[in-house]
Amino acid sequence: MTVSVSKLTKRYGATLALDSVDLTFRSGEVHALLGHNGAGKSTLIGCLGGGTTPTAGSIEIDGVVTEGLTPGSAIKAGIAVIYQHLSVMDGLSVMDNIFLGQELHRGPLIDRSAQRLRASELLGRVKSSARPDDLVGDLSMGQRQLVEIAKALERDARLLILDEPTASLSARESEALGQLVLQLKTEGIAIVYVTHLLEEVMRLADQVSVLRNGRKVWSHTIEGIGKSDLVTAISGEQSGFGVPEPVSPDAPVVLGLSGIEVHDAPPVDLKVHAGEAVALYGLIGAGRTRLLETLFGARAGARGELRVDGQPIRIPRDPAEAIARGIGFVPSDRKTQGLFPDFSALENTVLAVQRHRGHGLWRSARWERELFTAVASGMRLNPSAPGLPARSFSGGNQQKLVIGRWVNPASSIRVLLLDDPTQGVDVGAREEIYRILRQEAHTRQIAILFATNEPEEVLALGHRCLIMAQGRILREIRCADSSPEQLLDIVHSAVPSAPAGVR
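Residues numbered from 1 in each chain as written. Predicted model: local features only at pLDDT ≥ 70, side-chain atom pairs only at ≥ 80, totals over all residues. Heavy atoms only, no water.

## A word on the packing of helix α5 (residues 141-154) against helix α6 (residues 171-186)
Running from N to C, α5 and α6 cross one another at 15°; their axes reach a closest spacing of 10 Å. Here α6 runs roughly parallel to α5, going by the angle between their axes. The interaxial crossing formed by α5 with α6 has right-handed handedness. Across the interface between the two elements, Met 141, Gly 142, Gln 143, Gln 145, Leu 146, Ile 149 and Leu 153 from α5 touch Glu 173, Leu 177, Leu 180 and Leu 184 from α6. Class assignment for the residues of the contact of α5 with α6 results in seven nonpolar, three polar and one charged. (Axes fitted to C-alpha atoms, helices over the stretch in contact; angles between N-to-C directions. Helix = DSSP H or I, 4+ residues; strand = E, 2+ residues; numbered from the N terminus. Parallel < 35°, antiparallel > 145°, perpendicular 65-115°, else oblique. Left-handed = near helix turned anticlockwise from the far one by under 90°. Contact = heavy atoms within 4.5 Å. Nonpolar A, V, L, I, M, F, W, Y, C, P; charged D, E, K, R; others polar.)

See the structure below:
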């Protein structure tokens, strides 16, 4: 099977998610697809899987151009996508998951004996220890993933797309999956392997392609190249986003963590000074998100010492307590976790500070409009329309609304936590967001702790960088002394895989 995309383009308003991409995936070949978050990988996968409709360009399967590819027609054509967030149903058995929607029948009845026998054959093929009648919810993450692959093979998948397949697997499960990938390759299946782990690329891939800002910028066979070539291709030229102003060596510590333990992760110690931005940099699975959510009270069960402005405080039990203690949070998924899409731009902006003004149950409309005007002006919000629903704004302007909720004239936060602060944001909006955050850190003397896996973002926003892997901080680096290539090399030399479920 050969699947080719030609001049494939996808536009979301002013954002060009895919820009005239040409790629070919062939039977018996593992094709690694690399690039930072927002590079276009997920959009390309969506187009191939039929869930995303391209704006322009074509997809050919064995030389025949497909029209109006849908998830159903993609499956019938032999294309299967195994997403990082698996689609198996925990409440069903392994067998029922494999045959869901494609049951075997004997006359009008489902032939469960035939399904059980076939399921056993498929589980053996993917080297799974699960049994047909096992409940999927009782399986490890690695075994659930094998059930997904078995389901794809039952549907005669000939192009298998694996999206960050080892992000939530143990080292042993990752090794087993790698062996399965090599086996399926020998069976003539074409495999697209999306990953941030360069060790996996060097071990499994035949062909490597790199996307950056929606464009294919590099493609090469694995022969004759090394990890340093991949690092250079992924990072490209250093961005022109500028750097933050230096922080005074005498600046007081605003955020202090001592022995913070989140469930089974190792204890974390760190400090962020007034006016300083510190990056938590690591691959998917490093534990960055879990730490930030814990500090904001979105995860329970942590212990250790937390200080804000030198005062010890209890680790927040919920976001309301975190906000009361002067901690704000911008999550990575603004659409489902940060933004209220049907609320107006003004309402999204003033949500966290409404308690500061008004009388009893009454709100001060004049004060809210003045506050919104100040935020819109400082952040160059476009359009500056307080009554417009948040969903009507571009991704970059939506992110400004979420950030503006915490950094505005009425806000009293002392610590701003950000998880992938420019995910899904175009280059122009990124520059604006970096400018805003650098300015707010400097003028307000707040502490910024942000998580990212993009080295350019580390250098554009951070003063210091803390390398994370498996929930622990491995190394501290001064951003002014580093480069994107050096950061990539360091992080890919760290521990290669993370405990299941850690992000």
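## Things to note about the domain arrangement of the protein chain
On domain assignment, one finds that the protein chain holds domain 1 (2-235) and domain 2 (253-494). Summarising the inter-unit geometry, the C-alpha centres of domain 1 and domain 2 are found 33 Å apart. The interface of domain 1 with domain 2 comprises 14 residues on the first partner and 16 residues on the second. Taken together, both faces of the contact between domain 1 and domain 2 bury some 1400 Å²; the carbon and sulfur share is 57%. Taken together, the links from domain 1 to domain 2 amount to zero salt bridges. At the boundary of domain 1 with domain 2, the tally comes to zero residue pairs in polar contact (both at pLDDT 80 or more). Broken down by element, the residue count for the side of domain 1 that touches domain 2 peaks at four residues, all from helix α8 (residues 227-235). Residue composition of the side of domain 1 that touches domain 2, grouped by class: five nonpolar, seven polar and two charged. (Domains from an automatic or database assignment. Buried area = accessible area lost by both parts, 1.4 Å probe. Salt bridge = Lys/Arg side-chain N within 4 Å of Asp/Glu carboxyl O. Polar contact = N/O pair within 3.5 Å; in protein donor to acceptor, adjacent residues only side chain to side chain.)

## Section: the packing of aromatic side chains
Counted by the stated rule, this structure contains three aromatic pairs. On the basis of an interplanar angle of 80° and a centroid distance of 6.2 Å, the ring pair of Phe 296 and Trp 406 is categorised as edge-to-face. In this pair, Phe 296 sits in the loop between α9 (288-295) and β16 (302-308) while Trp 406 sits in the loop between α14 (395-404) and β19 (415-419), placing the two residues 110 residues apart along the sequence. Across this residue pair, the class does not change: Phe 296 and Trp 406 are buried. Taking 5.2 Å as the distance between ring centres and 20° as the angle between the ring planes, the aromatic pair formed by Phe 340 and Phe 343 counts as stacked. Phe 340 gets classed as partly exposed once you look at its relative accessible area, which sits at 39%. Here the aromatic cluster, defined as three or more aromatic residues joined through ring pairs, consists of Phe 296, Phe 329 and Trp 406. (Phe/Tyr/Trp six-rings, centres within 6.5 Å; stacked < 30°, edge-to-face > 60°. Buried < 20%, exposed > 50% of the residue type's maximum accessible area, 1.4 Å probe, protein only.)

## Looking at the pairing of strand β12 (residues 215-221)
Bridge count for strand β11 (residues 207-212) against β12 is six bridges, and the pairing is antiparallel. Within the sheet, the bridge partner assigned to Val 210 lies in β12 and is Trp 218. Linking β11 back to β12 in an antiparallel pair, the connection comprises two residues, with Asn 213 at a positive phi of about 55°. (Pairing = 2+ DSSP bridges.)

## Let's talk about the nonpolar core
Where a protein is soluble and globular, its nonpolar side chains tend to be buried together. With 96 residues, the main nonpolar core has Leu 270, Leu 416 and Leu 449 as its most contacted residues. When we break this core down by domain, the ones giving at least three residues each are domain 1 (2-235) and domain 2 (253-494). For Leu 449, the residues in contact, after removing those within four places along its chain, are Leu 255, Leu 270, Val 272, Val 278, Leu 280, Leu 292, Leu 295, Leu 416, Leu 417 and Leu 418. By size, the runner-up hydrophobic cluster in this structure holds 33 residues, among which are Ile 82, Leu 146, Leu 153 and Leu 204. (Core = buried A, V, L, I, M, F, W, Y, C linked by side-chain atoms within 4.5 Å.)

## Observations regarding the sheet that holds β19
By way of backbone hydrogen bonds, the strands of a sheet pair with one another, either parallel or antiparallel. The strand order across the open sheet built from six strands is β18-β19-β20-β15-β21-β22, with neighbouring strands paired in mixed fashion. Edge strands, defined here as strands with exactly one partner in the open sheet, are β18 (327-330) and β22 (472-478). The average angle at which neighbouring strand axes cross in this sheet is 20°, direction not considered. Looking at chain direction, strand β21 (residues 464-469) and β22 are connected through six bridges and run antiparallel. Bridging from a neighbouring strand, Ala 469 pairs with Arg 472 of β22.

## Notes on the sheet that holds β16
Ordered by their spatial adjacency, four strands build an open sheet running β14-β13-β16-β17, and the pairing between neighbours is antiparallel. What marks the edges here is a single partner per strand, and that holds for β14 (268-273) and β17 (311-313). Here the average twist between neighbouring strands, direction ignored, is 15°. Sheet topology note: the β16/β17 ladder contains three bridges and is antiparallel. The residue bridging Arg 307 from the neighbouring strand is Pro 312, located in β17. Along the sheet, α9 makes contact with β13 (253-262), β14 and β16, crossing β13 at roughly 115°.

## Focus: the pattern of salt bridges
Taken as a whole and assessed by the stated rule, the structure comprises 27 salt bridges. Of the charged contacts, one joins Glu 305 and Arg 307 as a salt bridge, the two residues approaching to 2.9 Å between their closest N and O atoms. Looking at Arg 307, the relative accessible area reads 32%, which means it is partly exposed. When the shortest N-O distance is used, the salt bridge between Arg 366 and Glu 370 registers 3.3 Å. Of the two residues, Arg 366 and Glu 370 both sit in helix α13 (residues 365-379), four residues apart, roughly one turn of that helix. Overlapping salt bridges bring together Arg 118, Glu 121 and Glu 154 as one network.

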